[in-house]
Structure formats: C-alpha cells, structure tokens
Amino acid sequence: MEPPNPETLPTQTNQNDPPQPNLPSKLLNHVRTNLRFRSKLAELNGAMGDLGTYIPIVLSLTLARDLNLGTTLIFTGVYNIITGAIYGVPMPVQPMKSIAAEALSNSDFGVPEIMAAGILTGGALILLGVTGLMHLAYKLIPLSVVRGIQLAQGLSFALTAVKYIRKVQDLPKSKSQGERDWFGLDGLVLAIICACFIVLITGGGEEFQIRNSQEQTIEEEEEEERPCKRSAKWKKILGSLPSAFLVFVLGVVLAFIRKPKVVNDIKFGPSAMEIVKISKHAWKDGFIKGTIPQLPLSILNSVIAVCKLSYDLFPEKDHFSTTSLSVTVGLMNVVGCWFGAMPSCHGAGGLAGQYKFGGRSGACVALLGAVKLVLGLVLGTSLALILNQFPVGVLGVLLLFAGIELAMASRDMNSKEDSFVMLICTAVSLVGSSAALGFVVGMVVYMLLKVRKLGIDKPPSAIWMLGTP
C-alpha cells in the first residue's frame, strides 16, 4: 500500500483549524472588551470623578452665554460612549477651558465665536495628527515639562475647588460673593462632611478601590489567610461604597430641597437643534481670542499629557497613539460645534479624577455618556434649572480630589534636575495662568540644563582649544 500523499495533509489540517475572525468580529470583540465592567459600583463611582469641572463650566456658559445645554449633553454623551468603546479606559470629555474662560470674561464672545474657536481648534488638531507632527511633539517634549503642566493643572483645580468650598459663587459670572455660611444646605459643614466621607472611603490613594476580578480574587485569597478577618471585612465593605456617586446623589437631592418649585419649571423633551450661523467677524474673533490660547493647552493637556498619564495608570493596556487622540478630539469639535455643542476635549485632570474614584475601563465613561444622552433627550436645557441649585461646595469637593489625583502624577520625578524643570514649569503656569507660557519656559530651562551639562562634560578650555587652529 502506498503512503498517503504529503501534499494532502496540510489541506486536511487547515480544514480542522478554527476559522480566523473577520474584521467586524475583531471590532466587536474589541468593543466588548473595552466596555466590560471591572466592577459595577467602582465604575459607577468613577463616572462622577469628572463632574467637578464639567458641571460648573457648562452651567456657567448655559446661564451666561445661552449655550444649548441639551445639545451639549447629547453630543458629549455620544463622545463619551464612542471614546469608551475605542480606548477602553475612562477617557474624559471635558469643555475646552481657555475658550470657556474667554467666553465668561468677555460679553462680546458669544455662541458663534465659541463655536468658531472650537471648529478651528479641532481642525488644527486633526491636521497635527494626520501629518505626524503630534507624535513628533510627544517624542521630543521631555517628561519633566509634561509633569509640570500636569502639576499646575492639578493644583489649579484644587485651588478652584477650595474657592468653591469657602466662598459663595456666582457661576455665570465666575465671581466669588463672600464667605460661605457654616451651616445650611450649601454650607461649609456639609462640604467638610462630604470631604471626610470620601477620604474615609478612598483613602489617600487607591488602596480601597475595587480592582478587576483577577486582583479581587487574589486579594480575597490573601484575606482568608490573614488572622484579622474582621479588619479585612471592613476594608472590603468600605471599598465597595461608591463615595463620589453617593455625594453627587446627595447634591441632587439637596438641589430639589433648596427649591422644590423647580419641578414646575421643567419642560420635557430635547432642546431645538440647529446649525449655528457664524459670521466672518465671529471666525476672526474665535481664532484670535479662542483658538490661539486654546491650541497649546489642547496639545499638551488633551493629547500629550493624557498619553503619558494613561501609561502611568494603565501600564498593562495596549496604549493608544497621540495621532488617534488628536484626531478624535478634532472630530468631536469639527462635527459638534456646528450644532451648538460646547467645544470639548480630553483632559489629564478628568482621567485622573475618574481613576481616583474607581474608573478602570471604557464602561465608566460609556455609562456617564448614556446618562448625559438620556438627560439631553428628556430634559434638554431645563436641566440647567436643577443644576443651578446644586450645592457648589459639594462640587468643590469632587473637583478637589480630581485635582489632587492629577497633581500626584508628578511624584515620579526622581532626579533633582527633573524636579527643578517641573517646578519652574508649574510656577510659571500658575502665576501666568497660561499652560503655554509655562511650557515655553520649561522647555527653555530644560535646554539650558542640557547645554550646561555638555559644558561640564567638556571643560571650557578644551572647547576653546577645539575652536582654535
């Protein structure tokens, strides 16, 4: 009997192999993985970590500049869901702060100028992304400068939070109106109790946060071997409490108690959505007063700092590129701003805040996005009436912990030289209220230190002799 032909064997083996998944199947599996809850309570809690910056800015622009809150909620909700599915981390969607600051401080900078600034900033980010210039900037900018920007942003959030807690705020005008009373539905005692509650639950880091299922299993096995089971039990109970979510729910309840008649003013249904008409003058003002100051901040804090921070917080994940982040931020604004949605971006502060309170996957921001979408469709701009009664001191507490978490990312500066550059960058950014100015000064100091090091490695006499015949 003749042996079987070897050429037929690979064919039989290939028939028994499982079929390779096609592109749609790979994309579906990718989305499922990114939107999988690591822990439902922790992800729910993490979704609250970005509200300390989102609510004050959006509410102020709604009341002061007639921003369409319903449209903003719908678009930012969709952004949250899409970015959560793409990146698989609690990627925040925040208002562009420089554009918002200009709109709140300049009464002539209205909705057309805001949207023009957002569209132009988005277009510039897309251009930087597709040409590879954003990736080049990511490679060239030293970590110490990025950490300086992060530290400045974190401290800025924390200082603003303390102002929210201590002073009565007029959010539409972004002004303080005197000392806050100790007692009351928006008093200092309430804010202090909320802050103490969060510290008790979350601690100074992430030791009480719910981790993924594998880490939970390991922790439970270790706890079983410990003699002090009661302590481990209390630690597990504390870690399961969604502190930020409970504080936010308390704020919503107090908002209705402060003004019960607000229910009568609520109109159900989405706000009217229409294309914003932008004049030549609005394009000009939007570019000069909005895009120019916003673009450096978006490059540094929305793209480069987010990439650096995501590597610190999620070293086990496949990391996204600066190109993809730059393009997604650009597309959000090139599309949404035409319909009146607030110019939006990612932010290292929001990522740090959501991580602080337990966000570990894309499901965290997708859940937040779904809530925004429902609120935008059901309540529309009427939601501003409720948020206007939300205790500002409670918002300050959420913002305080988000800012501290972002500032703590700078603790990895091990050398004195790196710390020097970082602190110079931070000081200039805070005093000058400009991340772009801090970045320029930080880069100059970094380059001077490098030149000095070259001078030390080669004595001046040797350098002089090399230059003589």
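Only a predicted model underlies this, so the values are computations on that prediction, with no experimental measurement involved.

Some remarks on the pattern of salt bridges
Phase 1 of the analysis: For the coordinates displayed, the defined rule picks out 7 salt bridges.
Phase 2 of the analysis: Arginine 258 is the salt-bridge partner of aspartate 186, the closest N and O atoms lying 3.9 Å from each other. Here aspartate 186, found in the loop between strand 3 (175-179) and helix 10 (188-202), pairs with arginine 258, found in helix 13 (residues 243-258); they are 72 residues apart in sequence, far enough to count as distant.
Phase 3 of the analysis: We note a salt bridge from lysine 289 to aspartate 285, for which the minimum N-O separation is 3.9 Å. On the criterion of helical spacing, the pair formed by lysine 289 and aspartate 285 is a turn pair, its members being 4 residues apart in helix 14 (residues 280-313).
Phase 4 of the analysis: Judged by relative accessible area, which is 31%, lysine 289 ranks as partly exposed.
Phase 5 of the analysis: On the basis of relative accessibility, which here comes to 12%, the residue aspartate 285 falls in the buried class.
Phase 6 of the analysis: Overlapping salt bridges bring together Arg166, Lys167 and Glu179 as one network.

Thoughts on the layout of surface pockets
Phase 1 of the analysis: Considering only enclosed or pocket space, the second largest pocket measures out at about 420 Å³ in volume.
Phase 2 of the analysis: Forming the boundary of the second largest pocket are 24 residues, of which Leu51, Ile55, Phe248, Val371 and Leu375 lie nearest the centre.
Phase 3 of the analysis: For the lining of the second largest pocket, the elements supplying multiple residues, two or more each, are helix 4 (51-65), helix 5 (69-87), helix 13, helix 17 (362-378) and helix 18 (383-387).
Phase 4 of the analysis: The greatest single-element share of the lining of the second largest pocket, amounting to 6 residues, is contributed by helix 13.
Phase 5 of the analysis: Of the residues in the lining of the second largest pocket, the class split is 23 nonpolar, no polar and 1 charged.

A few points about empty space enclosed by the protein
Phase 1 of the analysis: Under the counting rule described, the total for this entry stands at 3 cavities of 30 Å³ or more.
Phase 2 of the analysis: Its boundaries defined by the atoms lining it, the second largest cavity holds a volume of some 40 Å³.
Phase 3 of the analysis: Lining the second largest cavity we find Pro95, Met96, Lys97, Gln153, Gln294, Leu297, Asn301, Ser302 and Cys345.
Phase 4 of the analysis: Of all the elements, helix 14 adds the most residues to the lining of the second largest cavity, at 4 residues.
Phase 5 of the analysis: A per-class count over the lining of the second largest cavity returns 4 nonpolar, 4 polar and 1 charged.

Focus on the environment of tyrosine 164
Phase 1 of the analysis: Residue placement: tyrosine 164 occurs in helix 9 (residues 143-166).
Phase 2 of the analysis: Taking the C-alpha atoms as reference points, tyrosine 164 and glycine 396, 232 residues apart in sequence, are found 5.1 Å from one another.

Describing the packing of aromatic side chains
Phase 1 of the analysis: A complete count under the given rule lists 5 aromatic pairs for this structure.
Phase 2 of the analysis: Taking 5.7 Å as the distance between ring centres and 20° as the angle between the ring planes, the aromatic pair formed by phenylalanine 75 and phenylalanine 339 counts as stacked. With phenylalanine 75 in helix 5 and phenylalanine 339 in the loop between helix 15 (322-336) and strand 4 (344-345), this residue pair connects regions lying 264 residues apart in the sequence.
Phase 3 of the analysis: Relative accessible area serves as the criterion here: at 14%, phenylalanine 75 is assigned to the buried category.
Phase 4 of the analysis: By relative accessible area, which is 30% here, phenylalanine 339 ends up partly exposed.
Phase 5 of the analysis: Pairing phenylalanine 314 with tyrosine 355 gives two aromatic rings, centres 5.5 Å apart and planes at 85°, and the pair type is edge-to-face. Residue phenylalanine 314 is found in the loop between helix 14 and helix 15, and its partner tyrosine 355 is found in helix 16 (residues 348-356); the two are separated by 41 residues along the sequence. Each member of the pair, phenylalanine 314 as well as tyrosine 355, is classed as buried.
Phase 6 of the analysis: Through successive ring pairs, a cluster of aromatic residues spans Phe75, Tyr79 and Phe339.
Phase 7 of the analysis: Over the face of the ring belonging to tyrosine 138 we find lysine 308, whose NZ or CZ atom lies 4.7 Å from the ring centre.
Phase 8 of the analysis: Looking at arginine 360, its charged tip hangs above the ring of tyrosine 355, at a distance of 3.7 Å from the centre.

Parameters at a glance
- Residues numbered from 1 in each chain as written.
- Predicted model: local features only at pLDDT ≥ 70, side-chain atom pairs only at ≥ 80, totals over all residues.
- Heavy atoms only, no water.
- Salt bridge = Lys/Arg side-chain N within 4 Å of Asp/Glu carboxyl O.
- Helix = DSSP H or I, 4+ residues; strand = E, 2+ residues; numbered from the N terminus.
- Buried < 20%, exposed > 50% of the residue type's maximum accessible area, 1.4 Å probe, protein only.
- 1 Å grid on protein atoms, 1.4 Å probe; cavity = no way out; pocket = protein on both sides within 12 Å on 5 of 7 lines; lining within 4 Å.
- Points joined across faces, edges and corners; volume = space filled by probe spheres on them.
- Nonpolar A, V, L, I, M, F, W, Y, C, P; charged D, E, K, R; others polar.
- Phe/Tyr/Trp six-rings, centres within 6.5 Å; stacked < 30°, edge-to-face > 60°.
- Lys NZ or Arg CZ within 6 Å of the ring centre and 35° of its normal.

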